[in-house]
Amino acid sequence: SRTLKFLNRFEKLKSIFLLFVLIFGSTLIVFGVLTYDFLSNSLQKEFDDALYNYAVDISESVTLNPSGDLSITSANVDQTKIYPFSLGTALIQIRHSSGKILTQLGNFGSVELPFHKDYQILSRGEDVTYRTLSKLDGLPKAEAPNYRIITFPLDNSPQPELLLQVAVPLTFVDTQIK
């Protein structure tokens, strides 16, 4: 009878302990997933903010030549700014609303940045669009498997005519999240 009471008490303690482990373990897992999601979203937002600032700097360096051609003079990038991407590997292009590429800066190879969906979004009143490209087949000397693209209107009209696209490697974000 004494051993039976001890066994009953041991079984109760065991089930309470297992219930505690189950609740504590699931709480830790949920907390970890939520923390990871929050931190990765924050990192992506900070990266997008830096990319936006870089696009603004580039847009200020776009000039119209006397012949009527658009060109990008050496980007007016503030040397005290620290960007989470390598400036030398940025792909920069200016497009007309028709999709025609007016000028490019960088080694694009045979890569063509997506445009039409982004233009539709900008035509509906959005200030800027972001997109992540995972496969850039045809890009010589790709620094990373993923590139982040910003499409930014150069004019302030409701239907922008000239658009700046900047693609930069996501090396920093990818290494921080993994």
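Preceding this section is the structure that the text describes.
Let us look at the structure shown here.

## Some words on the sheet that holds strand S4 (residues 101-105)
Whenever strands of a sheet pair, they do so through backbone hydrogen bonds, lying parallel or antiparallel.
Consideration 1: What the five strands build is an open sheet, ordered S4-S3-S7-S6-S5; its pairing is antiparallel. The open sheet has two edge strands with one neighbour each: S4 and strand S5 (129-133). With strand direction ignored, the average angle separating the axes of adjacent strands in the sheet is 20°.
Consideration 2: Note that S5 and strand S6 (residues 147-153) share five bridges and pair antiparallel. Following the sheet pairing, tyrosine 130 is matched in S6 by isoleucine 150.
Consideration 3: With respect to the sheet, helix H2 (residues 116-123) is in contact with S5, S6 and strand S7 (162-169), its orientation differing from that of S5 by roughly 160°.

## Quick look at the packing of aromatic side chains
Consideration 1: Within this structure, the stated rule accounts for seven aromatic pairs.
Consideration 2: On the basis of an interplanar angle of 65° and a centroid distance of 5.3 Å, the ring pair of tyrosine 54 and tyrosine 83 is categorised as edge-to-face. Here tyrosine 54 is found in helix H1 (residues 2-59), whereas its partner tyrosine 83 is found in the loop between strand S2 (70-72) and strand S3 (91-96), with 29 residues between them in sequence.
Consideration 3: Judged by its relative accessible area of 4%, tyrosine 54 falls in the buried class.
Consideration 4: On the basis of an interplanar angle of 20° and a centroid distance of 5.8 Å, the ring pair of phenylalanine 115 and tyrosine 119 is categorised as stacked. Both residues of the pair, phenylalanine 115 and tyrosine 119, belong to the buried class.

Conventions and cut-offs
Residues numbered from 1 in each chain as written. Predicted model: local features only at pLDDT ≥ 70, side-chain atom pairs only at ≥ 80, totals over all residues. Heavy atoms only, no water. Pairing = 2+ DSSP bridges. Helix = DSSP H or I, 4+ residues; strand = E, 2+ residues; numbered from the N terminus. Axes fitted to C-alpha atoms, helices over the stretch in contact; angles between N-to-C directions. Contact = heavy atoms within 4.5 Å. Phe/Tyr/Trp six-rings, centres within 6.5 Å; stacked < 30°, edge-to-face > 60°. Buried < 20%, exposed > 50% of the residue type's maximum accessible area, 1.4 Å probe, protein only.

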